[in-house]
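# Examining the three-dimensional arrangement
Listed below are the residues making up each chain.
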Amino acid sequence: MKLTQFWKDSRPALGLLTGEGTVDVSAEAARRGVSAPATALEAVQGGQAARAVLEELSRNAQCFVPAGAPAAPVITGMDKVLCIGLNYRRHAMECNLPIPERPVLFNKFPSTLSACGDTILLQKGYVEYDYEAELVVVMGREARHVSEAEAMDYVYGYTCGNDVSTRDLQFARGNQWVLSKSLEGFGPIGPCLVTGDALDGSHLDISCAVNGEVRQSSNTSDLIFSIPQLIADLSRHFTLLPGDLIFTGTPAGVMHGYTGEKHWLKAGDRVEVTIQGIGTLWNTFAEEQ
Ligand code: ZN
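Now for a description of the structure that goes with this document. Just so we're clear, the structure is a prediction, and the values are computed from it rather than from any experiment.

## Observations concerning the coordination of the zinc ion
Coordination of the zinc ion by the protein is provided by Glu 132 (OE), Glu 134 (OE) and Asp 163 (OD), with metal-donor distances spanning 1.9 to 2.1 Å. The sequence pattern describing where the donors of the zinc ion fall on their chain is E-x1-E-x28-D. Pair noted here: Glu 134 is in strand 10 (residues 133-139) and Asp 163 is in the loop between strand 11 (155-162) and strand 12 (165-166), with a separation of 29 residues, a long-range link. Glu 134 sits in the buried class, given a relative accessible area of 0%. Given the relative accessible area of 0%, Asp 163 is considered buried.

Set out below in structure tokens:
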């Protein structure tokens, strides 16, 4: 199943991707006189019961999201957006940093998230804007002290993410990862949320292209710390909640690690993050006025 969200009456509303189009879940549920999750977070929190309702609504639907309706982030309102640094060997090497022995953790804010197709604003005063293609895990159940063996039972699904980063801000103040990576809109996710039964997150091609030029190309099987290892480690330290996101780290090829003349992201650039089985998350960039 593939979920998405779009803006409806200034709120994120749930959409369901089908062969016929994107079902407007609340409109379709109203037409049938049934209750259904209104948002992706409600769909995740609703577990199997919500899942069954959505599967039913996806059949013979008549209410579709109009073409051109603006996309919202594929899930919103979660408690935590966690991010793993240096989780691909060649990326750690291009950053001249040691291969971590334990997961390196930082975070973005839920309000940092943006949608596929959004224009992301580059703030004045910084120039070293960079991209990071990442597989994003969406948690499905409350997880605390979960073992690696059972960790995948707690995953709801996956989406693509771009961990947009501001390198001059990151390093000028002594490795301020949160500040560098949490500017407004610097967490685009999308274009859809694919449920875990439809996709094996451990073997997915992942790439990033800037203005059509491929800059990153790898596979999630190259992760240093696998998804079960990450969930086991994180849930040992705090409780993961349904809808929480884990940006799992980026492969080699970011501009920061490029040894030639660096071309940082600038106004007018288009960045595409593509992950096998999920699709392409794209965004354009513009100067903040
Ligand atoms: Zn990252």
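## Overview of the sheet that holds strand 15 (residues 213-219)
One open sheet accounts for five strands, arranged 8-18-17-14-15; its pairing is mixed. Because the sheet does not close on itself, it has two edges, and the strands there are strand 8 (119-122) and strand 15. Across the sheet, the mean angle separating the axes of adjacent strands is 20 degrees when strand polarity is ignored. Across four bridges, the pairing between strand 8 and strand 18 (residues 279-287) is parallel. Among the inter-strand pairings, Thr 119 is bridged to a residue of strand 18, identified as Thr 284.

## Quick notes on the nonpolar core
Most often, soluble globular proteins keep nonpolar side chains buried together rather than apart. Residues Met 139, Tyr 158, Ile 227, Ile 231, Ile 275 and Ile 278 are the most contacted members of the largest nonpolar core, which totals 48 residues. Filtering out sequence-adjacent residues up to four positions away, Ile 278 remains in contact with Lys 2, Leu 135, Tyr 158, Thr 159, Cys 160, Gly 190, Pro 191, Cys 192, Val 194 and Leu 199. Leu 3, Leu 16, Leu 41 and Leu 245 belong to the second-largest nonpolar core, a separate cluster that totals 32 residues.

## Comments concerning the pairing of strand 1 (residues 2-8)
Sheet topology places strand 1 next to strand 13 (residues 187-195); two bridges connect them, and they run antiparallel. Residue pairing across strands places Leu 3 opposite Leu 193, the latter belonging to strand 13. Where strand 1 meets strand 2 (residues 11-18), six bridges bridge the pair, whose relative direction is antiparallel. In the strand pairing of strand 2, Lys 8 is matched with Arg 11. Linking two consecutive strands that pair antiparallel, namely strand 1 and strand 2, is a turn of two residues; a positive phi of about 55 degrees is found at Asp 9 within it.

## A few points about unusual backbone geometry
Most peptide bonds adopt trans geometry, and most residues besides glycine take a negative phi value. At the junction of Gly 190 and Pro 191, the peptide bond is cis and its omega measures out at 0 degrees in the coordinates. The topology assignment puts Pro 191 in strand 13. The residue Asp 9 is not glycine, and still its phi comes out positive at about 55 degrees. Summarising the element assignment, Asp 9 is placed in the loop between strand 1 and strand 2. The backbone phi angle of Asn 175 is positive, close to 60 degrees, even though this residue is not glycine.

## Structural notes on the side chain of Arg 215
Note that Arg 215 resides in strand 15. The residues touching Arg 215, leaving out its near neighbours within four places in the chain, are Tyr 131, Cys 208, Ala 209, Val 210, Ala 252, Gly 253, Met 255 and His 263.

Definitions and limits used
Every chain begins its residue count from 1, and numbering advances along the sequence as written. Given that the model is predicted, a residue must reach a pLDDT of at least 70 before its local features are reported, and side-chain atom pairs must reach 80 or more before they are shown or counted; all residues, however, enter totals for whole chains, interfaces and linings. In computing side-chain values, all of the structure's heavy atoms are included and hydrogens and water are not. Donor atoms are limited to N, O and S found within 2.8 Å of the metal ion, a distance that becomes 3.2 Å for Na, K and Ca. With water left out, some sites might look partial. Numbering of helices and strands runs from the N terminus; a helix is a DSSP stretch of H or I covering at least four residues, while a strand is a stretch of E covering at least two. Burial classes follow relative accessibility: with a 1.4 Å probe on protein chains only, a residue under 20% of its type's maximum area counts as buried, one over 50% as exposed, and anything between as partly exposed. For two strands to count as paired, DSSP must find a minimum of two bridges between them. Axis definition: a line fit to C-alpha positions, over the contact stretch in the case of helices; interaxial angles, taken between N-to-C directions, run 0 to 180 degrees. Put simply, a nonpolar core is a bunch of buried Ala, Val, Leu, Ile, Met, Phe, Trp, Tyr and Cys residues held in one set by side-chain atoms that sit within 4.5 Å of each other. Only heavy atoms enter the contact rule, under which two residues are in contact if any of them lie within 4.5 Å.

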